[in-house]
Amino acid sequence: MTSRAQRLALAVAIIGLAAGGAGAVPLPAQTGPGLTVELRCAEAARCAGGRFAVAVFREGGGFPDPDRAAASRTVRPEGVVTRLVFADLPPGRYAVAAFHDADENGRLTLWPIGLPREPYGFSNDARGRFGPPGFDSAAFTLGPGGARQTLTLR
């Protein structure tokens, strides 16, 4: 795959996050306090206004295909750090993908060359070379006591 095609694949993977994960993977009932996600922007001014789109993926759940997210949500920025809790997740291995929909058009806006124009990020601050990182790079364990992930959107 060419680097342009890989960048477009990243964009497509993130674009659907704002849709709310219509084809979400069903999960068993919650058995823990859940996952707290903190969103920070590398450049605070770039994350004023708009909405954050966040999707959580369970291991084996098709990361980063937004239609296969275990849970997803959109929220308004709350200042320097925006926190949200996904309380309905059972313990397991997960990864998170997010982007800032600054213009609130419901999709990740791209530059003419196919690169994302809006900030995006993944759990563990994982980065891919020419597209999204693999699940293992972004994965973390959500135990019975819950977990916290901080994503820096760039």
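Above this text sits the structure in question.
Residues numbered from 1 in each chain as written. Predicted model: local features only at pLDDT ≥ 70, side-chain atom pairs only at ≥ 80, totals over all residues. Heavy atoms only, no water.

### Examining unusual backbone geometry
Reasoning step 1: The omega angle of the peptide bond from Phe63 to Pro64 is -5°, so this bond is cis rather than trans.
Reasoning step 2: You will see that Glu104, though not glycine, has its phi angle at about 50°, which is positive.
Reasoning step 3: Within the secondary structure, Glu104 is located in the loop between strand 5 (92-101) and strand 6 (120-122).
Reasoning step 4: Taking the relative accessible area as the measure of exposure, Glu104 reaches 40% and is therefore partly exposed.
Reasoning step 5: With a phi angle near 50°, Asp125 is a residue other than glycine that sits in the positive phi range.
Reasoning step 6: Take Asp125: it is sitting in the loop between strand 6 and helix 2 (135-138). (Helix = DSSP H or I, 4+ residues; strand = E, 2+ residues; numbered from the N terminus. Buried < 20%, exposed > 50% of the residue type's maximum accessible area, 1.4 Å probe, protein only.)

### Things to note about the state of the cysteines
Reasoning step 1: On inspection of all chains with the given rule, the structure shows one disulfide.
Reasoning step 2: Cys41 shares a disulfide with Cys47; S-S distance 1.4 Å. Across the S-S bond of Cys41 and Cys47 the torsion is about -70°, and the bridge reads as left-handed. One exposure class covers both Cys41 and Cys47, and it is buried. (Disulfide = S-S within 2.5 Å.)

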